[in-house]
Amino acid sequence: MRLFPPHPTFGHPLPQGEGNTNTMPLDKYRTKRDFNRTTEPAGDSDLSGKGAEAVRRFVIQKHHARTLHYDLRLEDDGVLKSWAVPKGPSLDPTEKHLAVAVEDHPLEYGDFEGSIPEGEYGAGKVIVWDKGTFEPVGEGESFSEMLARGTAKIRLCGEKLQGGFALVRTRWGGKDNNWLLIKEKDQHARPGYDVTREEPLSVLSGRDVDEVE
């Protein structure tokens with residue numbers, strides 16, 4: 001199995017929930033950004049606690065900041081729970097890819113493509129590499145409970161990614177925000193296939209990330 005070490009410079013260093021004394025779920029996201037400069041969405045409202053949606057959305061954004069990485073976002077409790085994945089997702093069940101939990105993002109972020117200006121948090125170019133819906137796969141547990149326990153199984157229905165995946169907290173290096181993203185063995189697994197290399201373009205605009213103005 002290939003296990004990729006943490007990358008020190010991919011642009012999202014803060015763990016999810018660290019030092020969280022704010023009462024609103026998007027406070028951390030908003031305090032990091034100047035919305036007079038960046039076109040990223042501020043989020044129209046804080047929807048946390050509004051209950052589980054019948055259809056949950058997921059998005060993976062390809063983000064060329066200081067280095068190229070991918071951002072996995074899963075809808076839960078009115079926000080997008082988010083992980084930065086330096087090597088991107090894999091369809092090979094033998095690969096375990098680092099996924100670093102970061103701050104929650106607003107639901108509107110799921111459609112964001114654009115260029116974050118220099119000097120802003122996460123400065124660089126962003127495309128929507130994949131999107132669709134997902135279903136938590138648990139036995140009597142909510143998705144939030146699975147995340148709190150440190151093991152969450154999900155089933156994706158996207159344009160590029162389908163089937164079962166697992167998010168497993170590792171606390172690798174003594175950090176609670178380090179997780180692993182692993183493809184499960186099912187009919188959608190493709191050992192040896194590099195999906196990020198073979199399918200590099202946005203599912204919204206058809207652009208690669210460095211074509212973003």
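Since the model is a prediction, treat every value here as computed from it, not as a measurement. (Residues numbered from 1 in each chain as written. Predicted model: local features only at pLDDT ≥ 70, side-chain atom pairs only at ≥ 80, totals over all residues. Heavy atoms only, no water.)

Take the overall build of the chain next. If you tally the helices and strands in the chain, you get three helices and ten strands. Seen in sequence order, the chain has helices and strands lined up from the N terminus as β-α-β-β-β-β-β-β-α-β-β-β-α. Restricting to contacts in the chain with at least 6 residues of sequence separation, those with at least 24 account for 60%. Accessible area for the chain stands at about 10300 Å²; split by element, carbon and sulfur atoms hold 48% of it. (Helix = DSSP H or I, 4+ residues; strand = E, 2+ residues; numbered from the N terminus. Contact = heavy atoms within 4.5 Å. Areas by Shrake-Rupley, 256 points an atom, 1.4 Å probe, with all protein chains shown as cover.)

With the rule as written, the count across this model stands at 15 salt bridges. For Glu 40, the salt bridge goes to Arg 33, with nearest N and O atoms at 3.2 Å. On the accessibility criterion, Glu 40 (3% relative accessible area) is buried. Arg 33 gets classed as buried once you look at its relative accessible area, which sits at 7%. Residue Lys 62 pairs with Asp 208 through a salt bridge whose shortest N-O separation is 2.8 Å. On the criterion of sequence distance, the pair formed by Lys 62 in strand β2 (residues 56-64) and Asp 208 in the segment after α3 (195-198) is long-range, its members being 146 residues apart. Residue Asp 208 is classed as partly exposed on the basis of its relative accessible area of 24%. (Salt bridge = Lys/Arg side-chain N within 4 Å of Asp/Glu carboxyl O. Buried < 20%, exposed > 50% of the residue type's maximum accessible area, 1.4 Å probe, protein only.)

As a further point, take unusual backbone geometry. Residues other than glycine seldom take positive phi values, yet Asp 77 does so here, at roughly 60 degrees. Position of Asp 77 relative to the elements: it lies in the loop between β3 (68-76) and β4 (79-85). Relative accessible area serves as the criterion here: at 30%, Asp 77 is assigned to the partly exposed category.

On to the pairing of β3. The element β3 is extensively covered by neighbouring structure, given that eight of its nine residues are classed as buried. One ladder, built from seven bridges, connects β2 with β3; its direction is antiparallel. What sits directly across from Ile 60, in β3, is Leu 72. Connecting the antiparallel pair β2 and β3 is a turn made up of three residues. In this structure, β3 lies alongside β4, joined through seven bridges in antiparallel fashion. (Pairing = 2+ DSSP bridges.)

Relative to the helices and strands, Ser 202 is located in the segment after α3. Within the structure, the side chain of Ser 202 is placed 3.0 Å from the backbone nitrogen of Ser 205, a separation counted as a polar contact. Ignoring any residue separated from it by four or fewer positions in sequence, one finds Ser 202 in contact with Glu 113, Ile 127, Val 128 and Arg 207. (Polar contact = N/O pair within 3.5 Å; in protein donor to acceptor, adjacent residues only side chain to side chain.)

The next subject is the nonpolar core. With 24 residues, the main nonpolar core has Leu 72, Leu 74, Trp 83, Phe 143, Leu 161 and Leu 167 as its most contacted residues. Contacts of Leu 167, omitting those with residues within four sequence positions, involve Leu 72, Leu 74, Trp 83, Ala 99, Gly 150, Thr 151, Ala 152, Trp 179, Leu 180 and Leu 181. (Core = buried A, V, L, I, M, F, W, Y, C linked by side-chain atoms within 4.5 Å.)

Turning to the packing of aromatic side chains, a few remarks are in order. Within this structure, the stated rule accounts for six aromatic pairs. Between the aromatic rings of Tyr 109 and Phe 112, the centroid separation amounts to 5.2 Å while the plane-to-plane angle is 50 degrees, which identifies the pairing as tilted. As far as burial versus exposure is concerned, Tyr 109 and Phe 112 are alike and both buried. Above the plane of the ring of Tyr 193 lies Arg 190, whose end atom (NZ or CZ) is 3.7 Å from the centre. (Phe/Tyr/Trp six-rings, centres within 6.5 Å; stacked < 30°, edge-to-face > 60°. Lys NZ or Arg CZ within 6 Å of the ring centre and 35° of its normal.)

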